[in-house]
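The primary structure of each chain is shown beneath.
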Amino acid sequence: MWANLGTVLRKLKRYEEAKRAYQTAIDLSPDQPNAWDGLGHLLSEAGPPSEAERVWREAIRRHPSLGRCAAHVLEAQLAQGVAREVILREAEEWINRVGRTTRSLDSMARFVLWSKLTEGLPQAEVWAREGTAASSSPGTVLETLPLVLAAQNKWKEAVQASRPVMDAAAEY
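Residues numbered from 1 in each chain as written. Predicted model: local features only at pLDDT ≥ 70, side-chain atom pairs only at ≥ 80, totals over all residues. Heavy atoms only, no water.

**Notes on the overall build of the chain**
Part 1 of the reasoning: Scanning the chain for helices and strands turns up ten helices and zero strands.
Part 2 of the reasoning: Each helix and strand of the chain, ordered N terminal to C terminal, gives the series α-α-α-α-α-α-α-α-α-α.
Part 3 of the reasoning: Expected size for 172 residues packed as a compact globule is a radius of gyration near 16 Å; at 17 Å, the chain falls within 12% of this value.
Part 4 of the reasoning: Dimensions of the chain, computed from C-alpha atoms along their principal axes, come out at roughly 50 × 40 × 30 Å. (Helix = DSSP H or I, 4+ residues; strand = E, 2+ residues; numbered from the N terminus. Rg over C-alpha atoms; globule rule 2.2 N^0.38 Å.)

**Here we look at the pattern of salt bridges**
Between side chains of opposite charge, a pair can form when the charged atoms approach closely.
Part 1 of the reasoning: Counted according to the given criterion, the structure contains 17 salt bridges.
Part 2 of the reasoning: A salt bridge links Glu 130 to Arg 100, with the shortest nitrogen-to-oxygen separation between them at 2.8 Å. Of this pair, Glu 130 sits in helix 8 (residues 121-134) while Arg 100 sits in the loop between helix 6 (84-98) and helix 7 (102-114); the two residues are 30 residues apart in sequence, bridging distant segments of the chain.
Part 3 of the reasoning: The exposure class of Glu 130 is partly exposed, given its relative accessible area of 28%.
Part 4 of the reasoning: Given the relative accessible area of 32%, Arg 100 is considered partly exposed.
Part 5 of the reasoning: Two residues, Lys 154 and Glu 125, come together in a salt bridge whose shortest N-O distance is 2.8 Å. (Salt bridge = Lys/Arg side-chain N within 4 Å of Asp/Glu carboxyl O. Buried < 20%, exposed > 50% of the residue type's maximum accessible area, 1.4 Å probe, protein only.)

**Regarding helix 7**
Part 1 of the reasoning: With 13 residues, helix 7 should cover 18 Å at 1.5 Å per step; its first-to-last C-alpha distance of 18 Å lies within 8% of that length.
Part 2 of the reasoning: Those residues of helix 7 not exposed but buried are Ser 104, Leu 105, Asp 106, Ser 107, Met 108, Ala 109, Arg 110, Phe 111 and Val 112.
Part 3 of the reasoning: Looking at the residues trailing helix 7, positive phi occurs at Lys 116, about 55°. (Expected span 1.5 Å × (residues − 1).)

**A few points about a nonpolar patch on the surface**
Part 1 of the reasoning: A cluster of nonpolar side chains, namely Met 1, Trp 2, Leu 5 and Leu 28, defines an oily patch on the protein surface of about 450 Å² accessible area.
Part 2 of the reasoning: Here Leu 5 lies in helix 1 (residues 2-11). (Patch = residues over 30% accessible without salt bridge, like charges linked within 9 Å, V, L, I, M, F, W, Y side chains within 5 Å. Areas by Shrake-Rupley, 256 points an atom, 1.4 Å probe, with all protein chains shown as cover.)

**Here's the deal with the side chain of Ser 107**
Part 1 of the reasoning: Considering the arrangement of structural elements, one finds Ser 107 in helix 7.
Part 2 of the reasoning: Every residue in contact with Ser 107, bar those within four places of it in the chain, is listed here: Gly 67 and Trp 94. (Contact = heavy atoms within 4.5 Å.)

This is how it looks when you write it as structure tokens:
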């Protein structure tokens, strides 16, 4: 409840109240990932990126496989001017640390897309292909590969890669 209140207040740009709500959520339940993630977002909007990075790292410490927070740490590092090649290396290290699962591979491939790290698109393609191959059912990861391919202007491959997504959608 407190984390949700924090999110509403953050979206209303009532940052001090949002911070108190997130902190209350963390005090009541320190292992609640949404409260840590929300506080990180608040700090990325209304504070120094280093503080947001610190909070997201704490979320990852508590929940090592939390892909969205791992991606946010990398975003905060980008905002602080960390070299892009270092960030891409850290993304690969995180995937290896938590396991090369569909979710971890997809999280980092999407991070590269969101962050417009064009030099990382070939690696994002490798991650997306690996995640797609590891996937036991249609889902988000199937959408990632066509997006990564399109971002590299590999249109024919993007269309081919989107077929399973379209087939899965047709089943619903």
